[in-house]
Amino acid sequence: MKKIEVNELFKEDWNRVLNHIANLFFEDSKIVVTSDDAELSFRFQHSIDKDFTIHTASELVAEGQTYTSTYSIRYETEGTEKEQGIRMKRALSHVMLDVLEQYTGMTQQWGILTGVRPTKLYHKYRKEGLSDGEIFAILKKDFRISDSKIALMREIVERQLVTIPDLDEIGKELSVYIGVPFCPTKCAYCTFPAYAIASNRKAGRVESFIDGLHVEIRAMGKWLKENNMNITSVYWGGGTPTSIEADEMDALYKTMFESFPNPDKIREITVEAGRPDTITPEKIAVLKKWGIDRISVNPQSYTDETLKAIGRHHTVQETIDKFWLSRNSGMNNINMDLIIGLPNEGIEEFQHSLDETEKMQPESLTVHTLSFKRASEMTHNKDKYKVADRETVTKMMDMASDWTKENGYKPYYLYRQKNILGNLENVGYCKPGEESIYNIVIMEEVQTILGIGCGASSKFVNPNSGKITQFHNPKDPAAYIMTFEDAIEKKIEMLNDLYNGITVEK
């Protein structure tokens, strides 16, 4: 724990932002107003002129050395009280990051950005009419983002607009996420709703959950039909939705196609078959029956020892076998995931994973950087899991970037997480034309995502204002079984509130 002293008592949300900046440099930090044993001491100054110019300054005293930074930015309007707060937090972050970079010798490639969706910021400026050059200047000067990361953002935004030419109008439709909360086992890094299917099957919760899911799909489909809403994409996630039996999958897809409006207009349906140990010829036959050929077969690593360490009870060979089973059975759009920084993995192991991936050439490859999520088993037992240092994970991300270019993949979406190794990012790559529409719309928050099933989060995005309201279905199967009818009523109420009085042109 790095104790950091500051010279004034900031608002709680300001303090939280400064803490996020400090944590980019130190694994864990705590900001206090006065402390005799603080390792770092900050003095901040901040003011706003009558012409709406914000001034901030920072002085850091550490190990007998003093580091200073100043920053000013002028705005055209006074802004709301909320906007003023955001501007000031950003300006304070700017000078704090600067002095910490001076002190540590570390450069943060993402600058002051600590949020999940960097490209959403790029889209914001694009929609305001700014040129790429103007956006570049703002991101570099005011957010301190590196040239390479800005270039990555620009490339992704361009690819997204090719994939979804009507991206700015797609809020007139919505997408659907359907959560099936079961897996063979739970991975050590996972915080998704994922419950061991064998024990839940024995307790009768699998069948009860599926019964409730049928009801919820029909109810939400009824509202969508009555309100003439088109669905852009459907994503079956979890958990691992291929954990249930083939006949159960078949019945659910039948309900989906019968219940949802204009199924022929759905642009994309994805089924997350991420655990190779859940894939069977019978389940692939069901997917083919319903015309679904976009699935995930996720290795995460091609080292058996790593898979055992993180709780994935399948082998590397099983991943390879199930990929080729899927491919040879007619699955024409397969995604695979790799995770950088898994326990005891370094350059050699990651290169091996890239070499194995090259033999298969999946249509898309998502490269994740390990994140220590608060609720994961790995976070609770950090001493048990030895992970790579910042320099190594940065090198591994560079390896992934070089490998994807050499193999004809393009980046098309990215997101970041708190406590992510090396303050890096997760990037989705694909062969041109194989981009996932769902991944783009959920990351850029350009349309409502209606969540159905266990652990499903709904994001209601106002197509006019962009305001987002969320609703979360219960994560636990037992709780879902008891309350899914209440969730249906609440979501219909929220949908009515959202679209009442809004003209949604078709």
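Residues numbered from 1 in each chain as written. Predicted model: local features only at pLDDT ≥ 70, side-chain atom pairs only at ≥ 80, totals over all residues. Heavy atoms only, no water.

Caption draft 1: Here's a closer look at the nonpolar core. Formed by 122 residues in total, the largest nonpolar core has its most connected members in Phe 42, Leu 100, Leu 139, Ile 178, Leu 213, Val 234 and Trp 236. Among the nonpolar cores identified, the runner-up in size contains 17 residues, and Tyr 177, Tyr 412, Val 441 and Ala 456 belong to it. (Core = buried A, V, L, I, M, F, W, Y, C linked by side-chain atoms within 4.5 Å. Buried < 20%, exposed > 50% of the residue type's maximum accessible area, 1.4 Å probe, protein only.)

Caption draft 2: Summary view of the sheet that holds strand β4 (residues 53-62). Strand order in the open sheet made by the five strands is β2-β1-β3-β4-β5, with mixed pairing throughout. Looking at which strands have only one partner, the edges of the open sheet turn out to be β2 (29-32) and β5 (65-74). The mean inter-strand angle of the sheet, taken between neighbouring strand axes irrespective of direction, is 20°. Pairing analysis gives two bridges linking strand β1 (residues 2-5) to strand β3 (residues 40-48), with the strands arranged parallel. If you follow Ile 4 over to β3, its bridge partner there is Leu 40. Along the sheet face, helix α2 (residues 81-104) touches β2, β3, β4 and β5 and points at about 30° away from the line of β4. (Pairing = 2+ DSSP bridges. Helix = DSSP H or I, 4+ residues; strand = E, 2+ residues; numbered from the N terminus. Axes fitted to C-alpha atoms, helices over the stretch in contact; angles between N-to-C directions. Contact = heavy atoms within 4.5 Å.)

Caption draft 3: Highlighting the pairing of strand β13 (residues 364-369). Within β13, six of the six residues are buried, which leaves the element mostly enclosed by the surrounding structure. As judged from the six bridges shared by strand β12 (residues 333-340) and β13, these two strands associate in the parallel manner. For Asp 337, the partnering residue across the bridge sits in β13 and is Thr 366. Chirality of the crossover, the property in question, places the unit of β12, helix α12 (residues 347-360) and β13 among those that are right-handed. Here four bridges tie β13 to strand β15 (residues 426-430), and the two strands are oriented antiparallel to one another. Along β15, the bridge assignment pairs Val 367 with Val 427. (Right-handed = clockwise from strand over helix to strand, strands pointing away.)

Caption draft 4: Representation of the packing of helix α4 (residues 132-141) against helix α5 (residues 147-163). Axis separation between α4 and α5 bottoms out at 10 Å; the angle between their running directions is 140°. In terms of orientation, α4 and α5 fall into the oblique class. Here the hand of the crossing between α4 and α5 comes out right-handed. Residues Asp 132, Phe 136, Leu 139 and Lys 140 of α4 pack against Asp 147, Ile 150, Met 153, Arg 154 and Glu 158 of α5. Class assignment of the residues belonging to the contact of α4 with α5 gives a composition of four nonpolar, no polar and five charged. (Parallel < 35°, antiparallel > 145°, perpendicular 65-115°, else oblique. Left-handed = near helix turned anticlockwise from the far one by under 90°. Nonpolar A, V, L, I, M, F, W, Y, C, P; charged D, E, K, R; others polar.)

Caption draft 5: Examining the packing of aromatic side chains more closely. A complete count under the given rule lists 17 aromatic pairs for this structure. Here Trp 236 and Tyr 253 contribute two aromatic rings whose centre-to-centre distance is 5.2 Å and whose plane-to-plane angle is 80°, an arrangement assigned as edge-to-face. Residue Trp 236 is found in strand β9 (residues 231-238), and its partner Tyr 253 is found in helix α8 (residues 246-259); the two are separated by 17 residues along the sequence. Here Trp 236 matches Tyr 253 in class, with each residue buried. Put simply, the rings of Phe 10, Trp 14, Phe 42 and Phe 44 touch in pairs and so form one group of aromatic residues. (Phe/Tyr/Trp six-rings, centres within 6.5 Å; stacked < 30°, edge-to-face > 60°.)

Caption draft 6: Just unusual backbone geometry, in detail. Of note, the bond from Gly 238 into Gly 239 is cis; its omega dihedral lies within 30 degrees of zero at 15°. Tracing the backbone through its elements, the reader meets Gly 239 in the loop between β9 and α8. Residues other than glycine seldom take positive phi values, yet Gln 300 does so here, at roughly 65°. Within the secondary structure, Gln 300 sits in the loop between β11 (294-296) and α10 (304-309). Since its relative accessible area comes to 7%, Gln 300 is described here as buried.

Caption draft 7: Examining the side chain of Ser 233 more closely. Within the secondary structure, Ser 233 sits in strand β9. Only 2.7 Å separates the side chain of Ser 233 from the side chain of Ser 175, close enough to count as a polar contact. Apart from the residues lying within four places of it in its own chain, the contact partners of Ser 233 are Leu 174, Ser 175, Val 176, Ile 266, Glu 268, Ile 437, Tyr 438 and Val 441. (Polar contact = N/O pair within 3.5 Å; in protein donor to acceptor, adjacent residues only side chain to side chain.)

Caption draft 8: Main features of the domain arrangement of the chain. The domains assigned to the chain are domain 1 (1-106), domain 2 (176-292 + 445-498) and domain 3 (296-439). Measuring from the centre of the C-alpha atoms in domain 1 to the corresponding centre in domain 3 gives 35 Å. Each partner contributes to the interface: domain 1 provides four residues, whereas domain 3 provides four residues. Summed over both sides, the interface of domain 1 with domain 3 buries roughly 360 Å², with 50% coming from carbon and sulfur. (Domains from an automatic or database assignment. Buried area = accessible area lost by both parts, 1.4 Å probe.)

Caption draft 9: Structural detail: the pattern of salt bridges. Throughout the structure, instances matching the rule amount to 33 salt bridges. Put simply, Glu 216 and Lys 491 hold a salt bridge, and the shortest N to O gap is 2.3 Å. Taken together, the positions of Glu 216 in helix α7 (residues 205-226) and Lys 491 in helix α16 (residues 477-499) put the pair 275 residues apart, joining distant regions of the chain. As far as the burial class goes, Glu 216 and Lys 491 line up, both buried. Taken together, the shared-partner salt bridges connect Arg 117, Lys 120, Glu 445 and Lys 459 into one network. (Salt bridge = Lys/Arg side-chain N within 4 Å of Asp/Glu carboxyl O.)

Caption draft 10: Broad picture of helix α1 (residues 12-23). Between its first and last C-alpha, α1 extends 16 Å over twelve residues, near the 16 Å set by a 1.5 Å rise per residue. Turning to α1, its buried residues are Trp 14, Leu 18, Asn 19, Ile 21 and Ala 22. Buried residues of α1 fall within an arc of 160° about the axis and therefore sit on the same side. Considering only its buried residues, α1 is in contact with β1, β2, β3 and α2. (Expected span 1.5 Å × (residues − 1). Arc of directions from axis to C-beta.)

Caption draft 11: Just the pairing of β5, in detail. Two strands pair when backbone bridges link them, and β4 and β5 are joined in this way by ten bridges, in the antiparallel orientation. By the bridge assignment for β5, Val 61 is matched with Thr 66. Remark: two residues form the turn of the hairpin made by β4 and β5, two consecutive strands paired antiparallel; Glu 63 in that turn has positive phi of roughly 55°.

Caption draft 12: The confidence of the model for the chain, seen in detail. On average, the chain scores 91 in pLDDT, and the residues at 70 or more come to 94%. Confidence over residues 373-380 falls short of pLDDT 50; this stretch has 24 contacts with residues more than four positions distant or in other chains. (pLDDT = per-residue confidence, 0-100.)

Caption draft 13: Seen up close, the environment of His 55. Assignment of secondary structure puts His 55 in strand β4. In this structure, the C-alpha to C-alpha distance between His 55 and Thr 369, residues 314 residues apart in sequence, is 35 Å. Contact partners of His 55, with chain neighbours within four places excluded, come to Gln 45, His 46, Ser 47, Asp 49, Tyr 71 and Ser 72. A distance of 2.7 Å separates a polar atom in the side chain of His 55 from a polar atom in the side chain of Asp 49.

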